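The chain contents come next:
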Amino acid sequence: MSSSSPSYQPSPEAASASLPPLPEKRIVLGCGGVCMDFLAVVAAFPKPGDKIRSTTSKVQGGGNAANTLTCAARLGLNPRFISKVADDARGRAILEELKADGVDTSYIVAWTKAPSMPSALVSILLRLPNVKFVIVTLGVDGCIMLDRCVEEVPELEEIEVERVVELLKQKIDYENTIPTCISSKSVIRLRADGIGKMNGRLLVGTTEKIPASELIDTTGAGDAFIGAILYAICVEMPPEKMLPFAAQVVRIFHLVQIFCAKTKLSDLCLWHFLQATARCRALGA
């Protein structure tokens, strides 16, 4: 609608009269992502590969679930949020922003004082005893997976979790461009200093090497990886096959983006066309 078009703006009295009263004790429960958004205003939308300067910038809380519950709170509802944030300055800023808008943050967990990513994985599984495994994605450096062992195994070798990751990374063939998975050969007792111990296996997954000249946009790559992990879980794919499969799906996802950027075609039909390729590559991984 143009600015010159007439518009109807009801009076506050009329607007209030048209809305039903809010229930007093009803709680809206949300569970999902919360993050910190870094917003930049630019003079024009950049083309692929352009480097431009921002005119202004702002940092504020974001995330789908957080935004939804903030809207609900501002409309007068009583939202309660189940999520997690880092136990640092940014995490505390997110909590304060949500509280200021009226969102109940008492069920948000502050994670974690672990000194490193492998230690954080141990911390998560110790805090959540019903979770079978956790995976952290590391961008071009692949991913790390910690798989819990629920059976009691006597006389297990105890190793510091950081050391195990270092040993697994030493086995990576960096000349290989195809995604691979390197795992500890058996269940071991993993120790994270200051956090605790648990029995499990560590796996390190690599990514498919993509030349820098081919990289256009990595937006959505992590989402594609997680979607592929969900598929692998549903078809009961073992971890050693699941991680390379997910990395290959990300590569197919990126190829779709490259092709569509060059041809200006919709990616939906091309994605369906390439699904068979992705599955064939996964089965051969």
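Because the structure is a prediction, the values reported are computed rather than measured. (Residues numbered from 1 in each chain as written. Predicted model: local features only at pLDDT ≥ 70, side-chain atom pairs only at ≥ 80, totals over all residues. Heavy atoms only, no water.)

A.B. asks: So what about the environment of I82? Which residues, and what values?
C.D. replies: Here I82 is to be found in strand β4 (residues 79-86). Not counting chain neighbours up to four residues away, the residues in contact with I82 comprise L29, G30, C31, G32 and Y107. (Helix = DSSP H or I, 4+ residues; strand = E, 2+ residues; numbered from the N terminus. Contact = heavy atoms within 4.5 Å.)

A.B. asks: Which residues make up the side chain of S183, and what are the values?
C.D. replies: With respect to the helices and strands, S183 occurs in strand β9 (residues 181-183). Residue classification places S183 among the buried positions, given a relative accessible area of 12%. (Buried < 20%, exposed > 50% of the residue type's maximum accessible area, 1.4 Å probe, protein only.)

A.B. asks: Please set out the nonpolar core residue by residue, giving values where relevant.
C.D. replies: It is characteristic of soluble globular proteins that their nonpolar side chains tend to be buried jointly. Counting residues in hydrophobic clusters, the biggest one holds 20 residues, and the most contacted among them are L146, V164, L190 and L202. Broken down by secondary-structure element, the contributors of at least two residues to this core are α4 (117-127), β6 (133-137), β7 (143-148), α5 (161-170), β10 (188-192) and β11 (196-205). In this structure, V164 is in contact with I159, I188, L190 and L202, ignoring residues within four places of it in sequence. (Core = buried A, V, L, I, M, F, W, Y, C linked by side-chain atoms within 4.5 Å.)

A.B. asks: Describe in detail helix α3 (residues 89-100), supporting the description with residues and values.
C.D. replies: Its 12 residues give α3 an end-to-end C-alpha distance of 16 Å, which sits within 8% of 16 Å, the value for a rise of 1.5 Å per residue. The set of residues buried in α3 consists of G91, I94, L95 and L98. The arc that holds every buried residue of α3, seen down its axis, measures 95°, which confines them to one face. Facing away from the buried side of α3, by more than 90 degrees, are the exposed residues A89, R90 and A100. Buried residues in α3 make contact with β2 (35-42), α2 (64-74), β4 and β5 (108-111). Its side-chain oxygen 3.3 Å from the backbone nitrogen of R90, D88 forms the N-cap of α3. One or two steps after α3, the chain reaches G102, where phi turns positive at roughly 95°. (Expected span 1.5 Å × (residues − 1). Arc of directions from axis to C-beta. Polar contact = N/O pair within 3.5 Å; in protein donor to acceptor, adjacent residues only side chain to side chain.)

A.B. asks: How would you explain the packing of α4 against α5 if you had to name every residue and give the values?
C.D. replies: Helix-helix packing is characterised by the crossing angle of the two axes and by the distance between the axes. Where α4 meets α5, the closest approach of the two axes is 8 Å, and the angle between their N-to-C directions is 125°. Regarding the angle of α4 to α5, the classification is oblique. Crossing geometry of α4 relative to α5 is assigned as right-handed. From α4, P118, S119 and V122 reach across to α5, where they touch V161, E162 and V165. Of the residues contributing to the contact of α4 with α5, the split by class is four nonpolar, one polar and one charged. (Axes fitted to C-alpha atoms, helices over the stretch in contact; angles between N-to-C directions. Parallel < 35°, antiparallel > 145°, perpendicular 65-115°, else oblique. Left-handed = near helix turned anticlockwise from the far one by under 90°. Nonpolar A, V, L, I, M, F, W, Y, C, P; charged D, E, K, R; others polar.)

A.B. asks: Break down unusual backbone geometry for me, citing the residues and quoting the values.
C.D. replies: Despite not being glycine, E236 shows a phi value in the positive range, around 60°. With respect to the helices and strands, E236 occurs in the loop between α6 (221-234) and α7 (239-263).

A.B. asks: Break down the pattern of salt bridges for me, with residues and values.
C.D. replies: Enumeration over the complete set of coordinates arrives at 10 salt bridges. One salt bridge connects D104 with R80, and the closest N-O pair in it is separated by 3.2 Å. Taken together, the residues span a long stretch of sequence, with D104 in the loop between α3 and β5 and R80 in strand β4 at a distance of 24 residues. By relative accessible area, which is 26% here, D104 ends up partly exposed. Its relative accessible area of 24% is what places R80 among the partly exposed residues. A salt bridge links E166 to R163; its shortest N-O distance comes to 3.5 Å. Here E166 and its partner R163 are both found in helix α5, three residues apart, which amounts to about one turn of the helix. According to the relative accessible area criterion, R163 is partly exposed, its value standing at 39%. (Salt bridge = Lys/Arg side-chain N within 4 Å of Asp/Glu carboxyl O.)

A.B. asks: Tell me about the pairing of β10, residues and numbers included.
C.D. replies: Residues I188, L190 and A192 of β10 are buried on one face, while the alternating residues R189 and R191, pointing to the opposite face, are not. In terms of strand pairing, strand β8 (residues 158-160) meets β10 through three bridges, oriented parallel. Counterpart to E158 in the pairing with β10 is R189. As defined by bridge partners, β10 adjoins β11 across five bridges and the pair is classed as antiparallel. Bridge pairing links A192 to G196 in β11. (Pairing = 2+ DSSP bridges.)

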